[in-house]
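Coordinate analysis (summary)
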Amino acid sequence: MSYLNTQQLAHFKSLLDTKQTQTRSAIDAIFQASDHASHRLAVSKLANLSTDELIEFTQQIDDRELKRNIDNLKKIDASLNILEQGMYGLCSDCEMELSIDVLNEKPTTQRCPHCEVRYQKQSYNNYRL
C-alpha cells in the first residue's frame, strides 16, 4: 500500500487533476486552431468525452503536438488510477517507494530509477529493427 499520508495523497490528486485539466485545454486549443472544419466542430464534444474516449478519438489524427499531449494525458490518467488503487508513490515494477521530491517534480512518475532504466532498455529493444 501507499506510504504517503492522506494529506500528501490529496495534494498529488489535486496536482494531477490540474494537469489533466490543463492538458485537455491544450488539446482543445489544438483542435480550435486546426484547418479542418470537422476538428473545430469537434471541440464542443471533446469536453464530454472520457479520457479513454478522447484518446481513441485522436488516434487517427497525425499531429505531433496533439500526440505529445495525448501521451501526457495517458500518463496522468494512469497516475490517477494508481492513486485510486492505493499504490501511488510506489514503483509499478518493484513497489519500492518513490521519492517525494521526484513525485513533486514529476507527479506521473511510475518507476524507480533502476526499473525505469530497465523499462527504457526493454522498450528500445522492442522497437529496434
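Because the structure is a prediction, the values reported are computed rather than measured. (Residues numbered from 1 in each chain as written. Predicted model: local features only at pLDDT ≥ 70, side-chain atom pairs only at ≥ 80, totals over all residues. Heavy atoms only, no water.)

Side note on the layout of surface pockets
Put simply, the largest pocket is a space of about 230 Å³. Looking at the lining of the largest pocket, the element that brings in the most residues is helix H6 (residues 113–127), giving three residues. Of the voids in this model, the second largest pocket is the one considered here, and its volume is about 150 Å³. Lining of the second largest pocket is provided by Lys 19, Gln 22, Thr 23, Asn 72, Lys 75, Ile 76, Glu 105, Lys 106, Pro 107 and Thr 108. Broken down by class, the residue content of the lining of the second largest pocket amounts to two nonpolar, four polar and four charged. (1 Å grid on protein atoms, 1.4 Å probe; cavity = no way out; pocket = protein on both sides within 12 Å on 5 of 7 lines; lining within 4 Å. Points joined across faces, edges and corners; volume = space filled by probe spheres on them. Helix = DSSP H or I, 4+ residues; strand = E, 2+ residues; numbered from the N terminus. Nonpolar A, V, L, I, M, F, W, Y, C, P; charged D, E, K, R; others polar.)

Quick notes on the environment of Cys 112
Note on placement: Cys 112 falls in the loop between helix H5 (100–105) and H6. Here the alpha-carbon distance between Cys 112 and Gly 89, two residues 23 residues apart in the chain, equals 9.6 Å.

Regarding helix H3 (residues 51–58)
Of the residues making up H3, those classed as buried are Thr 51, Leu 54, Ile 55 and Thr 58. Projected onto a plane normal to the axis of H3, the buried residues spread over an arc of 100° and lie on a single side. Set apart from the buried face of H3 by more than 90 degrees, the exposed residues are Asp 52 and Glu 56. (Buried < 20%, exposed > 50% of the residue type's maximum accessible area, 1.4 Å probe, protein only. Arc of directions from axis to C-beta.)

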